[in-house]
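# Close look at the chain arrangement
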Amino acid sequence: MRAKRSLINLSLGLISQLLIIALGILIPRLLLVNFGSEVNGLLSSIGQIIVYMTLLEAGVGAASLQALYKHVAGGDRANINSILSATSSYYKKTGIYYFICIILIAILYPLFIDASIDNITIMFVILVTGMGGAINFYFQGTYKVFLIAEGKSYIDTSITTIINILINAIKIVFILKGYNIIAIQTTHFILMILQIVIYQIYINRNYKWLNLKVKPDFDAISQKKSVLIHQVSYLIFNNSDVLILTIFTNLKVVSVYVLYNMLFTVLDNIINMVNSSVTFALGQTFHESRDKFLKLYNAYEVCFMSFVFSLFTVAYIMILPFMDLYTNGITDINYIDVTIPILFVALKLLVNARATSNNVINIAGHFKKTQNRAIFECVINLVCSIILVQFFGIYGVLIGTIIALLYRAIDIVYYANKKILERTVWITIRRWITNIVVFLLIVTIAKWINIYPSSYISIFIIATLLLAITVIIFASVNSLIDRDVFLYTKEIIIKVMNQFKRKQSSVK
C-alpha cells in the first residue's frame, strides 16, 4: 500500500510539475516584455517576503507530522483527532496573525524600496498576493498536514495543480489584454478561495470521522518551537538572497537573480515532490522496524542522490542557452553570466543532496537537539551574505549562502548517521563523492562537445536526451558501488509491478 501511494504521489506530482513549469516559465517572460525588469523584480521581492510569513506557522506542521506518523501507521483515530485538534487551534491563530502582518507590510514596504512604481500599486499588489496565505492557514492547513501523514499528498498536488493552472491561465490572458498588475495578481486571491472549497468537500466526503473539536493534545506537538528554529534556518538560506539584494542593490539585479533562481526552483519543486512522495513511508516504517527502515532508507538515499545529481547536471549544461533565448530583447540589464550557474548549482546540490539525512532528523523528531546547529547556520549565512554583497554583488550573496550550507550539510550528514542511524558517516560521504566525480566528468565532456541549442524545441529535446543519459549513468555507477541497495530496490519495483498486474487482471 505504501509503495503504491508513493508511486501515485510521484506520478501525479511529476505531471503537476510539468504543467506548472510550462506556465511558470512563460509568465515571467510576459511580465518582462510587458512591464520590464522592475515589475518582475518587485513581484519576486514581494513573493520572498510572503514566504517569510510562513514563519508564523511556528513549526506546527512539521511537529504535527512527526507526531502523526506513529498513530497513522497504527490506525489510532482517537490520537489522530486530538493531534489535529491542537494543530487546527494553532493554524487558526496563525491565519489571524498572517492577515495583520500582510496589512502592515503593505503599508511599510513602499517606504523602504527604490522604485518608479507608485506606492498605491505596490500596496494593493501586496494585499491581494498575501491574503491567500492567511486564508490557507486558517481553513486548510490542518488537513494538508493530515493528508501528507496519510501518504495522500497526491490529493493536495491534484487540487493545487488545478488551481495553479487556472491562476496562471487567467494571468496570461490578463497580461496579453493589457490589464494592470493589480488585476493580474487579484486572480490568485480569488482562486485560493475556490481551492479551500474543493479541499473541504474532499475531506467531508472521505474522512467523516475527523473531529477537530475533541480535546487537543498540545503536548504531542510541543517541539514546534524547536521546529520553528529549523524553519527559520531553511527560509534564510533559501530566501534571504533576494531581500539582501533588494536592500543593497536594485530591483534590476534582483530580476537577474530571480530568473536564474526561477529555473533552479523548478528543479527544487520536482525534487521536493519526489522527496515528499516517499517520506511518509519512511516516517511510518521508522516506528515499526529498524532493520526494515535502514534498508528502505539506503535505497531511498542512493536513488534520490542519483536523481538530484542527474537533474542539476542537465541544468548546468542547459541553463545559459535557455537564458540567452529567454531574455532575448531584454536590454535594461545583462542576464547572461557564466559564473552565476556555477554558484547556483553548487548551492542547490548542497541543499538537495543533504535532504535524505535531514529527513532522518525530522522523522526521528530531533528538532530540539539540533536547533543550535540551525541557529549557527543562520548567523553564518546572514553575516557572510551581507558582507560579501558589498564587494561582489549578486555573487556575494550566493557565496555567503554556499558557505553556510557547506557547514550545515556536513553537520546534518554527520548527525543523522552517527546519532540516529548509528553507523559510519563514510557511507553517505562516499555516495556524495561518487556523484560529484560523475557530475564533473559529464559537464567536462559536455563542454568539449559544445552543446548550445538555438531554439526552445531543440533545448527541450536535448535536455530530455541528456536527462535520460545522465540518469542511466548515475544510477548505473551507484548501483555498481551499492550492490545490496540495487538488489533491494529491484525487489521493491518488481513487487509493485506485480501488485499492479494483479489489480489489472482483477478489473478485467
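Residues numbered from 1 in each chain as written. Predicted model: local features only at pLDDT ≥ 70, side-chain atom pairs only at ≥ 80, totals over all residues. Heavy atoms only, no water.

Moving on to the overall build of the chain. Looking only at helices and strands, one finds 17 helices and zero strands in the chain. The buried share of the chain, taken over its 508 residues, is 53%. Element-wise, carbon and sulfur atoms account for 67% of the exposed surface of the chain, whose accessible area totals about 23,200 Å². (Helix = DSSP H or I, 4+ residues; strand = E, 2+ residues; numbered from the N terminus. Buried < 20%, exposed > 50% of the residue type's maximum accessible area, 1.4 Å probe, protein only. Areas by Shrake-Rupley, 256 points an atom, 1.4 Å probe, with all protein chains shown as cover.)

Time to look at the side chain of Arg423. Structurally, the position occupied by Arg423 is in the loop between helix H14 (394-420) and helix H15 (426-449). Polar contacts involving the side chain of Arg423 include one to the side chain of Asn298, which spans 2.7 Å. Apart from residues lying up to four places away in sequence, Arg423 is in contact with Tyr297, Asn298, Glu301, Asn417, Lys418, Thr428 and Arg431. (Polar contact = N/O pair within 3.5 Å; in protein donor to acceptor, adjacent residues only side chain to side chain. Contact = heavy atoms within 4.5 Å.)

So, about the packing of aromatic side chains. The geometry of two aromatic rings is summed up by the distance between their centres and the angle between their planes. Per the counting criterion, the structure on display carries 16 aromatic pairs. Geometrically, the ring pair formed by Phe264 and Phe312 is stacked, given 6.2 Å between the ring centres and 20 degrees between the ring planes. Of this pair, Phe264 sits in helix H9 (residues 251-286) while Phe312 is found in helix H10 (residues 290-326), placing the two residues 48 residues apart along the sequence. Residue Phe264 shares its accessibility class with Phe312, and that shared class is buried. (Phe/Tyr/Trp six-rings, centres within 6.5 Å; stacked < 30°, edge-to-face > 60°.)

So, about helix H11 (residues 339-353). Over its 15 residues, H11 extends 21 Å from the first C-alpha to the last, a length consistent with the 21 Å expected when each residue adds 1.5 Å. Burial runs high along H11: 12 of the 15 residues are buried. Listed as buried for H11 are Ile340, Pro341, Leu343, Phe344, Val345, Leu347, Lys348, Leu349, Leu350, Val351, Asn352 and Ala353. (Expected span 1.5 Å × (residues − 1).)

Counting across every chain of the model gives nine salt bridges. Of the charged contacts in the structure, one is a salt bridge between Arg354 and Glu377, with a shortest N-O distance of 3.5 Å. Placement of the pair is Arg354 in the loop between H11 and helix H12 (355-364) and Glu377 in helix H13 (residues 371-392), with a sequence separation of 23 residues. The pair Arg354 / Glu377 is uniform in exposure class, with both members buried. (Salt bridge = Lys/Arg side-chain N within 4 Å of Asp/Glu carboxyl O.)

Another aspect to go through is the environment of Leu30. Mapped onto the elements of the fold, Leu30 is located in helix H1 (residues 2-35). For the pair formed by Leu30 and Lys171, sequence separation is 141 residues and the distance between their alpha carbons is 9.8 Å. What Leu30 contacts, discounting residues up to four positions off in sequence, is Phe35, Ile172, Ile175 and Leu176.

A packed helix pair is summarised by two numbers, namely the angle formed by the two axes and the spacing between the axes. Interaxial distance between H10 and helix H16 (residues 456-481) falls to 8 Å at its minimum, and their mutual angle equals 155 degrees. Between H10 and H16, the interaxial angle falls into the category roughly antiparallel. When you trace H10 past H16, the crossing you get is right-handed. Here the contact of H10 with H16 is composed, by residue class, of 19 nonpolar, five polar and no charged. (Axes fitted to C-alpha atoms, helices over the stretch in contact; angles between N-to-C directions. Parallel < 35°, antiparallel > 145°, perpendicular 65-115°, else oblique. Left-handed = near helix turned anticlockwise from the far one by under 90°. Nonpolar A, V, L, I, M, F, W, Y, C, P; charged D, E, K, R; others polar.)

Here Asn298 is to be found in helix H10. Ignoring sequence-local partners within four residues, the contact set of Asn298 consists of Arg423, Arg431 and Val485.

All right, on to the confidence of the model for the chain then. The predicted model of the chain averages 79 in pLDDT, with 85% of residues at 70 or higher. Mean pLDDT across the secondary structure elements of the chain bottoms out at H1, with 64, and peaks at H15, with 90. (pLDDT = per-residue confidence, 0-100.)

Turning next to the nonpolar core. Leu245, Tyr260, Phe312 and Ile317 are the most contacted members of the largest nonpolar core, which has 81 residues in total. For this core, the secondary structure elements donating two or more residues are helix H8 (224-248), H9, H10, H11, H12, H14, H15 and H16. Element by element, the count of residues in this core is highest for H10, at 20 residues. Contact partners of Leu245, with chain neighbours within four places excluded, come to Asn250, Val253, Val254, Tyr257, Val389, Gly393, Ile394 and Val397. Core analysis: the next-biggest nonpolar cluster, separate from the first, contains 47 residues, Ile50, Leu68, Val72 and Tyr207 among them. (Core = buried A, V, L, I, M, F, W, Y, C linked by side-chain atoms within 4.5 Å.)

Let's shift gears to the environment of Lys171. The topology assignment puts Lys171 in helix H6 (residues 153-176). Once the C-alpha coordinates of Lys171 and Leu31 are considered, the two residues, 140 residues apart in sequence, prove to be 10.0 Å apart. Excluding residues within four positions of it along the chain, Lys171 makes contact with Ile27, Ile184, Gln185 and Thr187.

Looking now at a nonpolar patch on the surface. A cluster of nonpolar side chains, Ile96, Tyr97, Phe99, Ile100, Ile103, Leu104, Ile107, Leu108, Leu111, Phe112, Tyr138 and Phe139, forms an exposed patch at the surface whose accessible area comes to about 1,200 Å². Among the elements of the structure, helix H4 (77-108) and helix H5 (119-150) are those that each provide at least two residues to the nonpolar patch. Here the nonpolar patch takes eight residues from H4, the largest share from any one element. On the secondary structure map, Ile100 appears in helix H4. Overall, the relative accessible area of 44% leaves Ile100 in the partly exposed class. (Patch = residues over 30% accessible without salt bridge, like charges linked within 9 Å, V, L, I, M, F, W, Y side chains within 5 Å.)

A word on the environment of Thr424. Mapped onto the elements, Thr424 comes out in the loop between H14 and H15. Here the alpha-carbon distance between Thr424 and Tyr414, two residues 10 residues apart in the chain, equals 8.5 Å. Side-chain polar atoms of Thr424 contact the backbone nitrogen of Trp426, separated by 3.1 Å.

As a further point, take the packing of H6 against helix H7 (residues 181-206). For the pair H6 and H7, the least separation of the axes is 9 Å and the interaxial angle reads 155 degrees. Considering the angle they form, H6 stands roughly antiparallel to H7. For the pair H6 and H7, the sense of crossing is right-handed. Of the residues in H7, those touching H6 at Ile155, Asp156, Ile159, Thr160, Ile163, Leu166, Ile167, Ile170, Lys171, Phe174 and Ile175 are Ala183, Ile184, Gln185, Thr187, His188, Leu191, Leu194, Gln195, Ile198, Tyr199 and Tyr202. Within the contact of H6 with H7, the residues separate by chemical class into 15 nonpolar, five polar and two charged.

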